[in-house]
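Structure assessment
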Amino acid sequence: MAKKQKNSEPNGSGPKKTARHFDSGWYLLFAVISIILFLVITQPDPYLNMLKFFKEGIWITIYVTVVSFILVLVVGLIGGLGRVSGNKVVRGIATTYVEIIRGIPLLVQLLFWYFAMPALIQQIGRVTGNEALSNYQTNAIAMAIVGLTIGYGAYMSEVVRAGIQSIPKGQMEAARSLGLTYFQAMQHIILPQAFRVILPAIGNEFITLLKDSSLVSVVAVADLTRRGREYSAIHFNTLQTWSMVALVYLVMTLLSARLVAYTERKTKSER
Amino acid sequence: MAEAIIQIKNIHKHFGDCHALQGVSLEIKKGEVVVVIGPSGSGKSTLLRCINRLEEFDSGSIVVDGIPLAGAKNINLVRTEVGMVFQQFNLFPHLSVLENICLAQRIIRHRSKKEARDVSMKLLDKVGIPEKAEMRPPQLSGGQQQRVAIARALAMNPKIMLFDEPTSALDPEMIQEVLDVMLGLAKEGMTMVVVSHEIGFAKAAADRAILMDGGKIIEEAPPKVLFENPKNARTKAFLSKVL
């Protein structure tokens, strides 16, 4: 890592820097928003009505995505640490988790958590004679979040593992030689550096998760996609409905991409 | 003064098929400066890394400051007493120079922020670069980075300092500034084990020089004797290539 002094170019003046770094992705985002505004203003029926109908679904999509993502970060951190652990049992468990989850389609996982898991719990309740378990009713949003978290946690574990392994071995050795424990070294030395390395990948995972959250529409969660399906079923205007659903998703993903690009630039300049 | 702070007895170490250390025994007294030389692959770095157990040894025993390493439950206790300086510096690039030196003091010595800062600034003075405290390691020259690395190790008040080829990754004009810091440490009575081919440093500072080859100690003598009048044929052959 630290070999020779690199003559980093002096920091440019403020305005020049922002001009150079202006992210052309913003143009696309503005264009998409403009199209939506144009449609809503020129043809309030159906587009404004549609947006009103979608409102709750948009919030549920955001809610499911953000909550799942926070949990995915936790699972990914634990899974990633497990994947690089010196303990064979821990590493084995983490590896098995990643391999199994990556081998099953996310849609099937979501169906499993929503339909199969409650059935299993009820069955256990019936066999053991436990009233509470046999009458178990599942919460669609909670199960959707569980499914997305476990599914995406596996991919995030691999991202974290790659980040940790990208940090030169000497960093851990230097930290350990100062007397830090393995976990102290991880916390203060390895993970902060690894985080910067994997920040773009984490951002990508967020955007992919946002899109894949549309899968929860098949397990009784009234997210944006499901609201779209309901609306088109009522009004029989599939072209307009799915175009608007697509545009709304685009606004969310393009905005996320810009945020990711921004944080990435920020941490880079801090180096 | 005669007490041995490091006692190494007949240690063996394998890397797969490679028998890296083949029964090395060595005693180092408190305040002694020992320079280890030898061709690459001779096991000298491995020996050094065994002293703070960055490498585990297969058999034999090492006792550091009264604590046997083989069964040591809390190896971190030993490591806080043994400072190590690496060939590649291994500074933490995401932290400032000051934070590099403060980190372990805060976590392990539980010093207050101010206390750690004061210790760090004193050490930066000592290694001659107090003005670099707020910079990041990659902004420093190699020699400066290595001096920070020495300060970082010293901040834990170690009883022993290990140097693993501290000047091998440096441009020639930066070697002396690092050696000067090490010479100062030796004069203060620090116990030092130095893997290095800097013959000048060895002659000026070392009490003993050791030549290793093929995982064994070949010859052991005061540096003047070893460098100018070696007895062993392998030592002669090696020195003729280095000098």
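Please refer to the structure placed before this passage.
Fair warning: this is a prediction, and the values are worked out from it, not measured in the lab.

This brings us to the overall build of chain A. Along the backbone of chain A there are 11 helices and zero strands. Projected onto the principal axes, the alpha-carbon positions of chain A cover approximately 65 × 65 × 25 Å. For chain A, buried positions account for 42% of its 271 residues. In chain A, once contacts between residues fewer than 6 apart in sequence are set aside, the share between residues at least 24 apart is 77%. Here chain A displays about 14,900 Å² of accessible surface, and carbon together with sulfur accounts for 66% of that area. On chain A, the mean spot of the 26 positive side-chain charges and the mean spot of the 14 negative ones are 10 Å from each other.

All names here are of chain B. A sheet is described by the order of its strands in space; here six strands give the open sequence 6-7-8-3-9-10, paired in mixed fashion. Looking along the sheet, the strands with just one partner apiece sit at the ends: strand 6 (82-85) and strand 10 (216-221). The average angle at which neighbouring strand axes cross in this sheet is 20°, direction not considered. Set on the sheet, helix 5 (residues 142-154) makes contact with strand 6 and strand 7 (160-164); between it and strand 6 the angle comes to about 170°.

With that settled, consider the pattern of salt bridges. What the rule picks out here adds up to 18 salt bridges over all chains. With its nearest N and O atoms 2.7 Å apart, the salt bridge here joins R83 of chain A to E158 of chain A. Of this pair, R83 of chain A sits in helix 3 (residues 44-83) while E158 of chain A sits in helix 7 (residues 140-165), placing them 75 residues apart in sequence. In terms of burial, R83 of chain A and E158 of chain A fall into one category: buried. Salt-bridge contacts for E188 of chain B lead to K126 of chain B; the nearest nitrogen and oxygen are separated by 2.9 Å. Pair noted here: E188 of chain B is in the loop between helix 6 (172-187) and strand 8 (191-195) and K126 of chain B is in helix 4 (residues 113-126), with a separation of 62 residues, a long-range link. A relative accessible area of 40% places K126 of chain B in the partly exposed class. Each of R83, E158 and R161 of chain A takes part in one network of salt bridges that share partners.

So, on to the interface of chain A and chain B. Taken together, the 25 residues of chain A in the interface contact 32 residues of chain B. Taken together, both faces of the contact between chain A and chain B bury some 2,300 Å²; the carbon and sulfur share is 58%. Where chain A meets chain B, there are one salt bridge. Measuring nitrogen to oxygen at the nearest pair gives 2.6 Å for the salt bridge that ties E173 of chain A to R49 of chain B. The tally of links between chain A and chain B comes to five residue pairs in polar contact (both at pLDDT 80 or more).

Here the focus is unusual backbone geometry. In terms of backbone geometry, most residues other than glycine have negative phi values and most peptide bonds are trans. Here the amide bond leading from D45 of chain A into P46 of chain A is cis, since omega sits at 15°, within 30 degrees of zero. Relative to the assigned elements, P46 of chain A resides in helix 3. The phi dihedral of F236 of chain A is positive, around 55°, even though this residue is not glycine. Mapped onto the secondary structure, F236 of chain A falls in the loop between helix 10 (224-235) and helix 11 (238-270). With relative accessibility at 72%, the residue F236 of chain A sits in the exposed group. The backbone of H110 of chain B sits at a positive phi, close to 55°, despite the residue not being glycine. On the secondary structure map, H110 of chain B appears in the loop between helix 3 (97-107) and helix 4.

Here helix 5 of chain B contains 13 residues, and its C-alpha end-to-end distance of 18 Å stays within 8% of the 18 Å for a straight helix at 1.5 Å per residue. Within helix 5 of chain B, 13 of the 13 residues are buried, leaving the element largely enclosed by the surrounding structure.

Next up on the list: the packing of helix 7 of chain A against helix 9 (residues 182-212) of chain A. All names here are of chain A. Two numbers describe how helix 7 lies on helix 9: the axes approach to 8 Å, and their chain directions differ by 140°. Classified by the angle their axes make, helix 7 and helix 9 are oblique. As for the relative orientation of helix 7 and helix 9, their crossing is right-handed in sense. Contact with helix 7, carried on its side by L148, Y152, Y155, M156, V159, V160, G163 and I164, involves M186, I190, L191, A194, I198, A201, I202, E205, T208, L209 and D212 of helix 9 and no other residues of that element. Class assignment of the residues belonging to the contact of helix 7 with helix 9 gives a composition of 15 nonpolar, two polar and two charged.

How each quantity is defined
Residues numbered from 1 in each chain as written. Chains lettered and ligands numbered in written order. Predicted model: local features only at pLDDT ≥ 70, side-chain atom pairs only at ≥ 80, totals over all residues. Heavy atoms only, no water. Helix = DSSP H or I, 4+ residues; strand = E, 2+ residues; numbered from the N terminus. Buried < 20%, exposed > 50% of the residue type's maximum accessible area, 1.4 Å probe, protein only. Contact = heavy atoms within 4.5 Å. Areas by Shrake-Rupley, 256 points an atom, 1.4 Å probe, with all protein chains shown as cover. Lys, Arg positive; Asp, Glu negative; His and termini not counted. Charge placed at Lys NZ, Arg CZ, Asp CG, Glu CD. Pairing = 2+ DSSP bridges. Axes fitted to C-alpha atoms, helices over the stretch in contact; angles between N-to-C directions. Salt bridge = Lys/Arg side-chain N within 4 Å of Asp/Glu carboxyl O. Buried area = accessible area lost by both parts, 1.4 Å probe. Polar contact = N/O pair within 3.5 Å; in protein donor to acceptor, adjacent residues only side chain to side chain. Expected span 1.5 Å × (residues − 1). Parallel < 35°, antiparallel > 145°, perpendicular 65-115°, else oblique. Left-handed = near helix turned anticlockwise from the far one by under 90°. Nonpolar A, V, L, I, M, F, W, Y, C, P; charged D, E, K, R; others polar.

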